[in-house]
Amino acid sequence: MSRPIRSFSRRVLLSQLTVVVVILALVTGVFAWMGARSVTEVTETKALSTARALAIDPEVRRGATRASVEHAAHPDPAITAPLLEITDDLRTTSGIVFAVITDDRGIRLTHPNRDNIGHRVSTSPDEALAGRESVTHERGTLGETVRAKVPIRSTADGTTVVGEVSVGIHASVLDADLRREFLVLGSVAVLALAIGVIASLALGRRLRRETLGIGPEELAEMARDQGAVLRGLDDGVLAFSSSGIPTLTNSTAEELLGIAHVDTDADGSGPGPRADVPEVIRRMMLEAPIHGALRRRVNVGDRILLATAVRVSRDGVSVGGVVTLRDETQVLTMARQLESVTSMARALRTQRHEFANRLHTVLGLVDTDATDEARNYLATILQTGPIAAPVEGIEVISDPYLQALLEAKGTTAAEAGVTLAVTPDSLVLGTVKAPEDVTLILGNLIDNAVRAVVTHAIGSADKDADRADEVFGRVEVTLLGSGSELHAVVADTGGGVDDEDAESIFDEGVSSADDLDSEHGHGIGLALCRRIARRHSGRSWLRAGHDPEMGGAGFAVHLPDVLSVDEADTDDIPAGESRADGAPAHEAHADDKER
């Protein structure tokens, strides 16, 4: 998508400046007009009040009354002299330009220029002589002035107009006052414009930082793309703000985590239930590196999720991060089941190879007419089976799946120098109905026990060099069928499990092998065991951190409804038969409910 020529923040800045300039221009124009009007009114009021004061002066009224009665061609100096003294003092004290007094014909009785006394005024006196006051802007012999004209009343009756008083103030005085008003108003306008520009620049910079320089067109396009991507992904996606607060999820993430829809503001003030997001997911986002990704398997409910946390930055600014979730429960379960099947297939191939060798031996004995030796050899095979079983006591197990699993694990354990044995008190009469899940659980427990024995033995050999060539230890499996229920205990001679790790050992990512880590597939076996056992309404737990007989850890499993047995077989089980975890059979159900 093509980007606009100007960035969004610059366009906003220009728009703001335009608005500020237009508003300031309008406000300045209005205030300038109001200021000019105010100054003009003040000047006119001053001129009018001065003219009124002069028109009611007794001496002025007497002089105007006498001059109007005499109507002399040239005013009597006895009349004009006192009037000139009054007007000259008024001009000096009040700052007016002139104060002219006339008779009822408009003949000047006073004037700043004495030569104009006795002549008619240059501007019309008709309004004042008609008894009306007026304020005008006119040009006369003294230039452009603001003039106030007030009628003079006769001293005889107080009503007859006998002259006028004209007071003028230079327009330059008015212009000076206006210039001062405009200067102050202009200074305020410039200051306001400067503040507006600074505020607009700061807002534009913050907007550019918050939006990362992305315009509204791009934001709209990104929102559409985001919706399409979130709905189209099979993986769960959670978006976080730069402070680690969940801001967005897709439906897959909500299903995997079992949470409600998260859609909060970046500052966490929105309505989204941020507390529903598991703490382990939020902690991953906070621990994620600036570069690269943090991957970790996490347990959420009955699921094992592969979580990947990635920080997101733009132009060097952190904008938050994303956590993707992938459900690996089925994949890991199938991988473990495949591993069990592979182990059993390997054991069967070994048996086939050994069986072929023995058949060749029998064939050779028959060909050489050594029938007695062939008969003895076959009798031995019938007693020991087609191959020397690497698992002690396996003959008490009749189920083919359990037999194949134990033989496969016994072969693997023997290669590692560990003896795998079935305890004599084991008894399973039925047939396994869920071989994939049962063999997965038992296979994981046996594999963990073998690793624990090897790790413990290697550690002991490092401390005692003389024992370095001795072969390791022993793993014992106890299997007991009770109706459709299967009880199992796997104990070893390894280093055991400390009490403080009794519960955390079942968490995903925890492994008892120091040199093995969850990245190579370890640390999830016990979690899978517990999860699959719960799927069958059973459970898996640590029976003893340090078994009193074996010394190592002992893990127990209870799986209801995984065996298929005949009623005749169950009648043969003694009433006091011991359970696989050491408790009497009649206490099994009560104990399980209590746990």
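A short tour of the structure in this document, coming up. (Residues numbered from 1 in each chain as written. Predicted model: local features only at pLDDT ≥ 70, side-chain atom pairs only at ≥ 80, totals over all residues. Heavy atoms only, no water.)

Time to look at the packing of helix α2 (residues 58-70) against helix α3 (residues 77-94). The contact between α2 and α3 brings their axes to 10 Å, and the two run at 145°. Note that α2 runs across α3; the crossing there is left-handed. Listed contacts from α3 to E59, V60, G63, R66, A67 and E70 of α2 are I79, P82, L83 and I86. Its residues assigned to classes, the contact of α2 with α3 comprises six nonpolar, one polar and three charged. (Axes fitted to C-alpha atoms, helices over the stretch in contact; angles between N-to-C directions. Helix = DSSP H or I, 4+ residues; strand = E, 2+ residues; numbered from the N terminus. Left-handed = near helix turned anticlockwise from the far one by under 90°. Contact = heavy atoms within 4.5 Å. Nonpolar A, V, L, I, M, F, W, Y, C, P; charged D, E, K, R; others polar.)

All right, on to the pattern of salt bridges then. Applying the stated criterion across every chain, the model contains 15 salt bridges. When the shortest N-O distance is used, the salt bridge between R52 and E133 registers 2.7 Å. Of this pair, R52 sits in helix α1 (residues 8-55) while E133 sits in the loop between α4 (126-129) and β2 (134-140), and the two are 81 residues apart along the sequence. (Salt bridge = Lys/Arg side-chain N within 4 Å of Asp/Glu carboxyl O.)

As a further point, take α3. Helix length check: α3 (18 residues) gives 25 Å between terminal C-alpha atoms against 26 Å at 1.5 Å per residue, within 8%. Of the positions making up α3, those classed as buried are I79, T80, L83, L84, T87 and D88. Along α3, the residues classed as buried sweep out an arc of 140° about the axis, all on the same side. Turned more than 90 degrees off the buried face of α3, the exposed positions are E85, T92 and T93. Its side-chain oxygen 3.1 Å from the backbone nitrogen of A78, D76 forms the N-cap of α3. (Expected span 1.5 Å × (residues − 1). Buried < 20%, exposed > 50% of the residue type's maximum accessible area, 1.4 Å probe, protein only. Arc of directions from axis to C-beta. Polar contact = N/O pair within 3.5 Å; in protein donor to acceptor, adjacent residues only side chain to side chain.)

On to the nonpolar core. Counting residues in each nonpolar core, the largest one holds 42 residues, and the members touching the most others are L479 and F555. Listed by contribution, the elements that provide at least two residues to this core are α11 (400-415), β11 (419-422), α12 (435-463), β13 (474-482), β14 (485-492), α13 (525-535) and β16 (554-559). Broken down by element, the residue count for this core peaks at ten residues, all from α12. Ignoring sequence-local partners within four residues, the contact set of L479 consists of I397, L402, L406, S426, L427, V428, L442, H487 and A488. Core analysis: the second largest hydrophobic core is formed by 21 residues, A51, L83, I96 and L109 among them. (Core = buried A, V, L, I, M, F, W, Y, C linked by side-chain atoms within 4.5 Å.)

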